[in-house]
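Below, each chain spelled out in residue letters.
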Amino acid sequence: MHELPVIEKILRIVLLRARDSGVEEVRAIHLKIGELSDLEEEWMQRYFDYCSRGTLAEGSRLVIEKVPVRVRCRECGHEFPLDLATGENRFCPKCNSPKYTLVSGQGYFLESIEAI
Ligand SMILES: [Zn+2]
């Protein structure tokens, strides 16, 4: 259910941008979603189809790209990917520290809009 408010926000931005640039029809919306986010693509498209009915964006496709999780070591500042599936690379490959902060992999971004 948490996909719905996200979709409403995205749709609002898409429609504003479409209106500003005199678009007739939005074809596709490119989104980036962090791997840590629990937004489900299938539900996002369903909610989008529902919310966009009767708007410029009706019938457009959500193109979703997953953003991998990257962290920065708090000891030496080295940045490295964190593989959540295998649980590997949990220590900094440079200094072996287990302390790091998240750099990317959370939240979502509106990347671009395809329109005519
Ligand atoms: Zn380190």
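Use the structure listed above.
Residues numbered from 1 in each chain as written. Predicted model: local features only at pLDDT ≥ 70, side-chain atom pairs only at ≥ 80, totals over all residues. Heavy atoms only, no water.

S.K.: What should I look at first to understand the environment of Gly54 in this one?
M.R.: If you trace the backbone, Gly54 turns up in the loop between α2 (41–51) and β2 (61–67). Placed 14 residues apart in sequence, Gly54 and Pro68 show a C-alpha to C-alpha distance of 35 Å. (Helix = DSSP H or I, 4+ residues; strand = E, 2+ residues; numbered from the N terminus.)

S.K.: Explain the side chain of Ser97 to me, please; I cannot follow it from the model alone.
M.R.: Mapped onto the secondary structure, Ser97 falls in the loop between β4 (79–81) and β5 (100–104). For Ser97, a relative accessible area of 6% gives the class buried. A polar atom in the side chain of Ser97 sits 3.0 Å from the backbone nitrogen of Lys99. Ser97 has contacts with Cys73, Glu75, Arg90, Phe91 and Cys92, leaving out every residue within four places of it along the chain. (Buried < 20%, exposed > 50% of the residue type's maximum accessible area, 1.4 Å probe, protein only. Polar contact = N/O pair within 3.5 Å; in protein donor to acceptor, adjacent residues only side chain to side chain. Contact = heavy atoms within 4.5 Å.)

S.K.: Can you walk me through the coordination of the zinc ion in this structure?
M.R.: Around a metal, the idealised angle for a tetrahedral arrangement of four donor atoms is 109.5 degrees; for an octahedral arrangement of six donor atoms it is 90 or 180 degrees. Every protein donor of the zinc ion is accounted for by Cys73 (SG), Cys76 (SG), Cys92 (SG) and Cys95 (SG), and the metal-donor separations fall at 2.3 to 2.4 Å. Considering all 4 donor atoms around the zinc ion, the spread of angles at the metal, 102 to 116 degrees, places the coordination shape in the tetrahedral class. Expressed as a motif, the donor residue spacing for the zinc ion is C-x2-C-x15-C-x2-C. Using a relative accessible area of 36% as the deciding quantity, one classes Cys95 as partly exposed. (Donors = N, O, S within 2.8 Å, 3.2 Å for Na, K, Ca; no water. Tetrahedral: all angles 85-135°; square planar, octahedral: opposite > 155°, others 65-115°.)

S.K.: Can you walk me through the environment of Glu8 in this structure?
M.R.: Secondary-structure assignment places Glu8 in helix α1 (residues 3–20). Here Glu8 falls in the partly exposed class, since its relative accessible area comes to 37%. With 96 residues separating them along the chain, Glu8 and Ser104 place their C-alpha atoms 23 Å apart.

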